[in-house]
Amino acid sequence: MTALLEARGLSRSFGHVRALDGADFDVQPGEIVGLIGDNGAGKSTLIKAMSGNLDLDEGEIYFDGDRVRLSGPRHAEELGIEVVYQDLALAPHLNPVQNVFLGREISRKGLLGHLGFMDEKEMRRRAKESFAQLGATVNSLAAPVRSMSGGQRQGIAIARAMAWANKVLILDEPTAALGVVQTKNVLESVKRVRDKGIAVVFVSHSMPHVLDVCDRIQVLRLGRRVATFPGRETTVEELVGAMTGALDSREDVA
Ligand SMILES: Nc1ncnc2c1ncn2[C@@H]1O[C@H](COP(=O)(O)OP(=O)(O)OP(=O)(O)O)[C@@H](O)[C@H]1O
Ligand SMILES: [Mg+2]
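Here goes a summary of the coordinates provided. Since the structure is predicted, the reported quantities are computational estimates derived from the model, not experimental observations. (Residues numbered from 1 in each chain as written. Chains lettered and ligands numbered in written order. Predicted model: local features only at pLDDT ≥ 70, side-chain atom pairs only at ≥ 80, totals over all residues. Heavy atoms only, no water.)

**What to know about the sheet that holds strand β1 (residues 5–14)**
Here's step 1: Taking strand neighbours across the sheet as the criterion, the four strands line up as β2-β1-β4-β5 in an open arrangement whose pairing is antiparallel. A strand with exactly one partner marks an edge of an open sheet, and here the two such strands are β2 (17–27) and β5 (66–68). Ignoring which end each strand starts from, the neighbouring axes of this sheet average 30° apart. (Pairing = 2+ DSSP bridges. Helix = DSSP H or I, 4+ residues; strand = E, 2+ residues; numbered from the N terminus. Axes fitted to C-alpha atoms, helices over the stretch in contact; angles between N-to-C directions.)

What follows is the structure, encoded as structure tokens:
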């Protein structure tokens, strides 16, 4: 089966730091792939490369079997790729509804060809529906998101990405700021998105969450994919071993 999104041999250095060093990655439609690795392994950099937010030194990206040169985030969005970045990237002065529709506002046609105006009511209705589906606790739809808690903001960013992703959904540590109930909701929602046939990339440091939702797990170490595991029947020990390199040395000994 052709991967929906695939990275081959991506390399990118920042000064002396080789953030990506020949990294490969692939995800199929209707599959959740976990992307794990230690702090600084290159996970966020890899995601930025696959969503048009990073210039590469080397490597190729394929979308549905065709090589693509992502010119920027809008290009990725046009292909149906949505990302929740680790730093969330919300507009702090806008309210949750405006953030969901930022750059994609719904307008109504004005009478007799006059300029249309924003359909605030429709945007509000749809944003509310997205938050409810996710179980996100957004207590005010009218207040700027800068006044909201880290967890509330994370909920808004995830709801936005889920509302727009129609091919690939990439989540960089989506549950890091969430409470127990919201985390459970997000994990369930991620599975629902997968069940619609969308390819999901799930970055997390929580091994139980990774083992709960992922169909496959790819391990990044020092900017390179070092292992791929099936989601089922893999243990936390195996994942940690691959992340830290402990498994390699065991193999050397054997
Ligand atoms: N814009 C940048 N400028 C300089 N160095 C960078 C930049 N972006 C990433 N790096 C470096 O590249 C390496 C990989 O960073 P990256 O953010 O991809 O790691 P990560 O796997 O996402 O880690 P974490 O789990 O902590 O989020 C790190 O050493 C980081 O300092
Ligand atoms: Mg990161």
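Having seen the model, we can carry on.
**Considering the site of ligand 1**
Here's step 1: In the vicinity of ligand 1 there are 14 residues, among which N39, G40, K43, T45 and H205 approach most closely.
Here's step 2: In the model, an oxygen atom of ligand 1 is placed 2.7 Å from a nitrogen or oxygen of the K43 side chain.
Here's step 3: A distance of 2.5 Å is found between an oxygen atom of ligand 1 and a side-chain nitrogen or oxygen belonging to T45.
Here's step 4: Surface burial for ligand 1 is 63%, taken as the share of its 640 Å² of free accessible area covered by protein chains.
Here's step 5: Residue assignment for the shell around ligand 1 shows that the elements contributing at least two residues are β2 and α1 (43–50).
Here's step 6: Element by element, the count of residues in the shell around ligand 1 is highest for α1, at three residues. (Near = heavy atom within 4 Å. Polar contact = N/O pair within 3.5 Å; in protein donor to acceptor, adjacent residues only side chain to side chain. Areas by Shrake-Rupley, 256 points an atom, 1.4 Å probe, with all protein chains shown as cover.)

**So, the pairing of strand β10 (residues 199–203)**
Here's step 1: With respect to burial, β10 is a largely interior element, five of its five residues being buried.
Here's step 2: Covered by surrounding structure in β10 are A199, V201 and V203 together with V200 and F202, the residues of both alternating faces.
Here's step 3: The sheet contact formed by strand β3 (residues 32–36) and β10 spans four bridges and is parallel. Residue pairing for β10: G34 is matched across the bridge by F202.
Here's step 4: Bridging between strand β9 (residues 168–172) and β10 involves five bridges; their strand directions are parallel. Its bridge partner lying in β10, D172 is registered against V203.
Here's step 5: This β-α-β element, β9 to helix α6 (residues 180–195) to β10, shows right-handed connectivity. (Buried < 20%, exposed > 50% of the residue type's maximum accessible area, 1.4 Å probe, protein only. Right-handed = clockwise from strand over helix to strand, strands pointing away.)

**Some remarks on the sheet that holds β9**
Here's step 1: The sheet built from six strands is open, its strands ordered β6-β9-β10-β3-β11-β12 with mixed pairing. With partners counted over all chains shown, the strands left at the sheet margins are β6 (81–84) and β12 (224–230), one partner each. Strand after strand, the sheet turns through a mean of 20° between neighbouring axes, direction not considered.
Here's step 2: Alignment of β3 against strand β11 (residues 216–221), held across four bridges, turns out to be parallel. Bridge pairing in β11 links I36 to V219.
Here's step 3: Across the face of the sheet, helix α5 (residues 150–164) comes into contact with β6 and β9 while running at roughly 175° to β6.
Here's step 4: Along the sheet face, α6 touches β3, β9 and β10 and points at about 150° away from the line of β10. (Contact = heavy atoms within 4.5 Å.)

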